[in-house]
Amino acid sequence: MRALYTALPAKQSLQVQSLKALGEWPNLDRPTTFNERLHALKLAPHDPLLPLLADKVRVKDWVAERVGRDVLIPTLWSGKVLPAQAPCDTPFVVKANHSSGWNAFIRERDDAAWQRLRETSVTWLQDDWHPYLHEWWYNDIERLLLIEPMIGENLNDYKFFCFSGKVRAVQVDAGRFTDHQRSFFDADWKLLPFAFSYPPIDGAVPAPRHLARMIELAETLSAGFAFARIDFYDLEAGPRFGEITFAPEAGFGRFMPRSADRMLGEWWEEGERRAAAAPDRDLSIAV
């Protein structure tokens, strides 16, 4: 099926995949739901900023220019081939800069495991990011490996859904590597009545200690984009930037109830109307 999805023209591929994943044929000529709008973004003229902002290495300079380096997780090493020996003290994380989920958590030194990871990381850089998903910006990135310090275990992820520079929802992911659960809150930390691809988190979810600061950062970084998801971790020392995502769940995430898909699509439209009345913003960066 993936070979078929890749071979089909992009629009038809996304429509067939949506029908299979969500049970609906999307209208990509006049998108109204959130998922339809994500697919329409994939089909739109290519924005040269998207590969920069999806690049886990280069995005850090862009973020630093706008909000400062104190929110960044430092890059300990980057390059195209992992060295014969681990270049820094454990624990750390090895990632490919052009993908999602191609990473390895190194908690202790193990020479045999390191050599296996060196071999695996070669395939990461050789392989395109799933072309059938049509997230073209990932495959326009110059491919690199990077190493970051491990900043904690079992941390909640806070993912800010921003529409034309305004936070409308915060996705909280818990237990990503054990029992993945996900809930949504508004900017005042009121629980939103829908689920997205994973069941809601059991029990109460306290607001992160740096919620106000993360909202401020997310709105600054998302300004000028009809939609962007800005991700953070909440550490005692302050927020730490994770990544910028333009197509959550690649546009195939299932909302429960389905009406939430249309609600987020309306937020997108409202943001576009608001942005049309706002002055243009400079999103440039020296490269």
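Numbers given for residues are sequential positions, taken from 1 along each chain in its written order. In keeping with the predicted nature of the model, local features appear solely for residues at pLDDT of at least 70, side-chain atom pairs appear and are counted solely at 80 or more, and the whole-chain, interface and lining totals rest on all residues. Values shown for side chains rest on all heavy atoms present in the structure; no hydrogens or waters enter the calculation.

Going by the annotation in an unreviewed UniProt entry, the name recorded for the chain is Glycosyl transferase, with Sphingomonas endophytica given as the source organism.

Undergrad: How should I be thinking about the environment of tryptophan 102 in this particular structure?
TA: Only DSSP runs of H or I covering at least 4 residues are called helices, and only runs of E covering at least 2 are called strands; the numbering of each starts at the N terminus. Tracing the sequence through the fold places tryptophan 102 in the loop between strand 2 (92–96) and strand 3 (103–106). Between the alpha carbons of tryptophan 102 and threonine 120 there is a distance of 9.6 Å; along the sequence they are 18 residues apart. Should any heavy atoms of two residues lie within 4.5 Å, those residues are considered in contact. Every residue in contact with tryptophan 102, bar those within four places of it in the chain, is listed here: Val94, Lys95, Ala96, Trp124, Asp127, Asp128, Trp129 and His130.

Undergrad: Would you mind showing me how to read the domain arrangement of the chain here?
TA: Quite often, the size of an interface is put as the accessible area lost when its parts meet. Domain delimitation follows an automatic or database domain assignment. Partitioning the chain into domains gives domain 1 (1–72 + 154–277) and domain 2 (74–150). For domain 1 versus domain 2, the distance between C-alpha centres works out to 23 Å. Contacts between the two partners involve 25 residues from domain 1 and, on the opposite side, 22 residues from domain 2. Note: buried area is the sum, over both parts, of the accessible area (probe 1.4 Å) each one loses when the two are combined. Regarding the contact of domain 1 and domain 2, the summed buried area is about 2,000 Å², with carbon and sulfur atoms giving 64% of it. The term salt bridge refers to a side-chain nitrogen of Lys or Arg lying within 4 Å of a carboxyl oxygen of Asp or Glu. At the junction of domain 1 with domain 2, the criterion picks out one salt bridge. The residue lysine 60 makes a salt bridge to glutamate 148 at a minimum N-O spacing of 2.7 Å. As used in this structure description, the phrase polar contact means that two N or O atoms lie within 3.5 Å; if the pair is within protein, one of them must be able to donate a hydrogen and the other to accept it, and residues adjacent in sequence are counted only when both atoms belong to side chains. Put simply, domain 1 and domain 2 have nine residue pairs in polar contact (both at pLDDT 80 or more) between them. Of all the elements in the fold, those that place two or more residues in the side of domain 1 that touches domain 2 are helix 1 (2–7), helix 2 (10–22), helix 3 (34–43) and helix 4 (49–54). Take the side of domain 1 that touches domain 2: its biggest share by element is four residues, from helix 2. By the convention adopted, Pro, Cys, Tyr, Trp, Phe, Met, Ile, Leu, Val and Ala count as nonpolar, Lys, Arg, Asp and Glu as charged, and the other residues, Gly among them, as polar. Residues belonging to the side of domain 1 that touches domain 2 are distributed by class as follows: 15 nonpolar, four polar and six charged.

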